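Listed below are the residues making up each chain.
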Amino acid sequence: MSARLDARIPGGPIAEKWDRHKFEMKLVNPANKRKHTILVVGSGLAGASAAASRAALGYQGKCFCFQDSPRRAHSIAAQGGINAAKNYQNDGDSVYRLFYDTVKGGDFRSREANVYRLAQTSLNIIDQCVAQGVPFAREYGGLLANRSFGGAQVSRTFYARGQTGQQLLLGAYQALERQVGLGHLRMYPRTEMLDLVLIDGRARGIVVRDLVTGEVTSHAADVVVLATGGYGNVFYLSTNAKGSNCTAIWRAYKRGAGFANPCFTQIHPTCIPQSGEHQSKLTLMSESLRNDGRVWVPKQKGDARPPNQIPEAERDYYLERKYPSFGNLSPRDIASRAAKEVCDEGRGVGPGGRGVYLDFADAIKRLGEHTIRERYGNLFEMYERITAENPYRVPMRIYPAVHYTMGGLWVDYNLMSTIPGLHVAGEANFSDHGANRLGASALMQGLADGYFVIPYTVGDYIGSTKLERVDASHPAFTDAERAVSERTATLLAIEGKRTVDSFHRELGKVMWDYCGMARNETGLTHALEIIPQIRDEFWRNVDVPGSAAELNQALEKAGRVADFLELGELICRDALERRESCGAHFREEFETPDGEALRDDAHFSHVAVWQYRGENQTPERLEEPLEFENVHLSQRSYK
Amino acid sequence: MKFTLHVWRQAGPTAAGAFSTYEATDISGDMSFLEMMDAVNESLIERGEQPVAFDHDCREGICGMCGMMINGIAHGPMRATATCQLFMRHFTDGDAIYIEPWRARAFPVIKDLVVDRSAFDRVIAAGGYITAPTGGARDANTILVSKSDADDAMDAAACIGCGACVAACPNGSASLFAGAKIAHLGVLPQGQAERRQRVLRMIAQMDEEAFGGCTWHGECHEACPKAISLDVIARMNGDYLRALWTTHEEKQEQGAG
Amino acid sequence: MAGSRAQASLGVGRVHRARLFWQSTVGKKIVMSVTGLIMVGFVLLHMIGNLQLFESAARLNAYSHFLHHTINELLWLVRIVLLVSVVLHIVAAAQLTRIDRAARPVGYRKQDRQAATVASRSMRWGGVAIALFVIFHLLHLTTGTIQPVPYAPGDVYANVVGGFRVWWVTLIYVLAMIALGLHIFHGAWSSIRTLGVSRPRPEPTRRPVATLLAVVLWAGFSIVPLAVFFGWVR
């Protein structure tokens, strides 16, 4: 194992690691906390909760987001729920079971110690959120309600209608705004991080661009926390917000932070299919729909009859057929791939044949339309708004779409990257989900990182590190600022013929075709040839109108797409090098006789960490071996 | 389909603005309003003109970042729908569409259709929260919340902070926005300790930000993408009266740190 | 710092509290609600008094005598309360109008109203119209300054019946009562909500009580000049 990848997992039995570690951590004298500045980039669940928690501890804090308000971060769009091992339903849940399910669901490509801590802190998250006033669903007796979600056999998911992410984020946002009001934290909305600044090998600040005035400035600090979300938009069409981007973590990568498992990108099975070329994003329908909906396609190829005219005997409920014990609740990667298979066989439905039915007719018969409306009313409305079809009458059409990226910057047990002082939280890091994330676990991880891990580990870093005072006049900052301004000027000066979006679409298509739900060596090799060509053309022929000294949305996009064009290549390279199938990473060469993912634990039971080595250099692939002491490595089976 | 767009263009906060006219051609009914704007912007860039700046992010109706006045209606003609969830099939081929930014003194225009809504954040910062420092919370199920209270709280908490209520209100009032947060937190048992100071502070901040007052036109509710009920405003006023009546002099002027 | 003013302003002493109340838009609206409801109560009594006209001239004049002589002190008290209410109502309305107008310095090209009613949109001008009418009414029937027909002090019946035979007097009264009805249709409903004492309802804009009140007041006041004008009362 490379010395650069010391995960610093504390010793002792897994259930005691975190408590022991918390005790062993260095504390910072309350009077000294004021003297330390912590920057948080991103204001989603992880960022807002981290910023609010640490400002409350007394550190000087600054928080940055590119949206006009921290409340807009894309965590807000999460619908289904948040897991916690509360076992309020007395159905056999426990911290250990949540831990076990998460490791297994991630197809044994995550770090046991981290996942165990996640399951432990899940308990505190629910308490914390309820205290903040998150209006979770309740039973008539006033206790919290739960549902089972996304392939779990226990009811451990807490939810607030179909807006759980929104409510959790607003809770964190309100806590953050409270700190802003008290003057403990300064918020910088409409501000984008464009570079990370290292001094003596440590992260000591960032360079940002004010998106309204275009001004490029620096912020010096003792610790930088990136909570900038995932990079699903590398596929152009995804369920991410339009603004979601990889720029912050990509610039950190180019400053030396290791990038772990970039090819682990999750395709969510229940999204509304694409309706045409104009499509700008894909909309997710909560996975909770699969609790009551049945997925099917016609048995016959090219069956063009409307769904209600296809008799029961000529329908293929393929998830129930292939996975009798989990059926329609099979994990996301499995459900997505199964949908792709039936569509590849020519049995897909809707325009272009890229869709499968999600049918509520049986559920409505069994439970009544009223109950279905109560459970999914807002989702059905959203579906009808977008497609102009009434899902109470006609089955929904769904198709998988890029949703979440398990990969991200490599972090150790303290959520610190390979650059000392640079911490990474939430979807931006790679830590807890292995090769596939289970439903309702993203919210859990974001809040666990932000509320309950980062506040401790950042204190430990500050307490155990001698940090010289630096300010933004240090040459490292002025150099970085200059580089950022030059890059902006270059983009504006190209004055080519093609819009930024056209390049983004082109990249997205390559990524989806060759590095989407199923991948193979030929396709990936091909993608690795084309992506540099697209990138090359981008830097010769992109047309970015306007100037640098104003609100310039085309310029913002251009900078982000330029980074995606580099990241896309790394994703394909990682997918090519991981010669096995695991979780969401499905290599067609490596499958079991009945078409399931075939892991190669002998060679790939590790985290692949990519280290940047300079422009036009192939990055170095490092490995952090994964050891499974508690969960027995096994072939995942949901049959 | 084809549309004639009259779009408010304004180069910067202090620049004078005016309508510019653009043709949107080859528009499909399955396109969202923002996708139609994307298409117009693509063609503007190809013609060497500046694209129209507008705010948007999630495009699934929840982040609250998008919002335009479409033919004089905030978020356009569909009820309970944010601009990003408005589809072109609801317009008639050949329509002329006027597009303006939210207009309010508290929401100054930054550029074209982009406005500064940071006043909302400051209203929340003034008191729109429950103080619950990380780590000190008791077990979640020790706080009982009746289902109907939880439902009421959720109805109010659905606010996405888009600002359509202010934009639609003839008085530029933020009462629906502030009322929604006050109702959300005030219905729940967890929110009782700060209930009085919350309403006093938020209303003071709302006035400070130069929002207008409520005269019960009801335009805000009609414009709201989440159809938040006018009842939250009545509730806010009731809380305000009660708070003013019962709040005692604080021992020290330290706020509630 | 953002929010700090609002946070610091919470040391609430009694004087400070009153100032805080009056300074806030919500406080001013509450003042308008309370004063508005006082005036609604007054006009309701006033209307009931008027309707005695239909009984007999003597009855009406006796009622007037009762007000002016038997409970003269109480009448003055009512007049003072009314005057204070009117002044507060108008001052608050004027200030709020200024604040509301300032809240939107640049208007829309054309705003397509979705919910506002004629009543809600005419509150300001309607209020001004009612104020002007009240002045006219006082000059006509209380002080006798405006004399469409010669004024007979003490003979209310004669003054009323004489005045309303003149077409333009009746017209002014009838138009003013339309303004009053609309003002109350919106004002009575919204006052209750401004005071925060309304129960949450699925359709908060439904207002059966306010509608009934507005119709009764409009009809009860308009019937007098119309009855005189058309000769049903001589």
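Above this text is the structure in question.
Residues numbered from 1 in each chain as written. Chains lettered and ligands numbered in written order. Predicted model: local features only at pLDDT ≥ 70, side-chain atom pairs only at ≥ 80, totals over all residues. Heavy atoms only, no water.

**Q** What is the right way to read the overall build of chain A from this model?
**A** Regarding its fold elements, chain A presents 17 helices and 19 strands. By the compact-globule yardstick of 26 Å for 639 residues, chain A fits well, its C-alpha radius of gyration being 24 Å. Each of the three principal axes of chain A carries a C-alpha extent, and together these read 75 × 60 × 50 Å. Counting all 639 residues of chain A, 67% fall into the buried class. In chain A, 73% of the contacts between residues at least 6 apart in sequence involve partners at least 24 apart. Total accessible area on chain A stands at roughly 21,100 Å², and carbon and sulfur atoms take up 48% of it. (Helix = DSSP H or I, 4+ residues; strand = E, 2+ residues; numbered from the N terminus. Rg over C-alpha atoms; globule rule 2.2 N^0.38 Å. Buried < 20%, exposed > 50% of the residue type's maximum accessible area, 1.4 Å probe, protein only. Contact = heavy atoms within 4.5 Å. Areas by Shrake-Rupley, 256 points an atom, 1.4 Å probe, with all protein chains shown as cover.)

**Q** Would you mind going over the packing of helix 13 (residues 475-494) of chain A against helix 16 (residues 553-577) of chain A with me for this structure?
**A** A pair of packed helices is characterised by two quantities: the angle between their axes and the separation of those axes. Residue and element names in this part refer to chain A. Across the interface, helix 13 lies against helix 16 with an axial gap of 10 Å and an inter-helix angle of 105 degrees. It follows that helix 13 is roughly perpendicular to helix 16 by the angle criterion. Note on element contacts: helix 16 touches helix 13 through Leu 555, Ala 558, Gly 559, Ala 562 and Asp 563, opposite Arg 487, Thr 488, Leu 491 and Leu 492. By residue class, the composition of the contact of helix 13 with helix 16 is five nonpolar, two polar and two charged. (Axes fitted to C-alpha atoms, helices over the stretch in contact; angles between N-to-C directions. Parallel < 35°, antiparallel > 145°, perpendicular 65-115°, else oblique. Nonpolar A, V, L, I, M, F, W, Y, C, P; charged D, E, K, R; others polar.)

**Q** What is the right way to read the environment of Asp 210 of chain A from this model?
**A** All names here are of chain A. One can find Asp 210 in strand 7 (residues 202-210). Asp 210 gets classed as partly exposed once you look at its relative accessible area, which sits at 26%. Counting along the chain gives 216 residues from Asp 210 to Gly 426, while the straight-line C-alpha distance between them is 24 Å. In this structure Asp 210 touches Arg 190 and Glu 215, once residues within four positions along its chain are discounted. At 2.8 Å, the side chain of Asp 210 forms a polar contact with the backbone nitrogen of Val 212. (Polar contact = N/O pair within 3.5 Å; in protein donor to acceptor, adjacent residues only side chain to side chain.)

**Q** Where do I start with the interface of chain B and chain A in this structure?
**A** Accessible area lost upon the coming together of the parts is a frequently used measure of interface size. In this complex, chain B contributes 75 residues to the contact, which on the side of chain A involves 74 residues. In total, chain B and chain A occlude about 6,100 Å² of area from one another, counting both sides; carbon and sulfur atoms represent 52% of this. Counting the surface chain B buries against chain A, the share from its top three residues, Asp 57, Glu 60 and Met 154 of chain B, is 11%. Across the chain B-chain A interface, the total number found is seven salt bridges. Residue Asp 139 of chain B pairs with Lys 86 of chain A through a salt bridge whose shortest N-O separation is 2.9 Å. At the surface where chain B touches chain A, the tally comes to 43 residue pairs in polar contact (both at pLDDT 80 or more). Within the residue set of the side of chain B that touches chain A, elements represented by two or more residues are helix 1 (33-46), strand 6 (109-111), strand 7 (114-115), helix 2 (118-127), helix 3 (147-157) and helix 5 (175-187) of chain B. For the side of chain B that touches chain A, the element with the highest residue contribution is helix 3 of chain B, accounting for seven residues. Its residues placed into classes, the side of chain B that touches chain A shows 39 nonpolar, 16 polar and 20 charged. (Buried area = accessible area lost by both parts, 1.4 Å probe. Salt bridge = Lys/Arg side-chain N within 4 Å of Asp/Glu carboxyl O.)

**Q** Is there a simple way to explain the interface of chain B and chain C in this structure?
**A** Counting residues at the interface gives 59 residues for chain B and 53 residues for chain C. Across the interface of chain B and chain C, roughly 4,600 Å² is buried in total on both sides, 55% from carbon and sulfur atoms. Our enumeration of links across chain B and chain C arrives at one salt bridge. The shortest N-O distance in the salt bridge between Arg 193 of chain C and Asp 231 of chain B comes to 2.3 Å. Linking chain B with chain C are 27 residue pairs in polar contact (both at pLDDT 80 or more).

Just distances and angles here, no functional claims.
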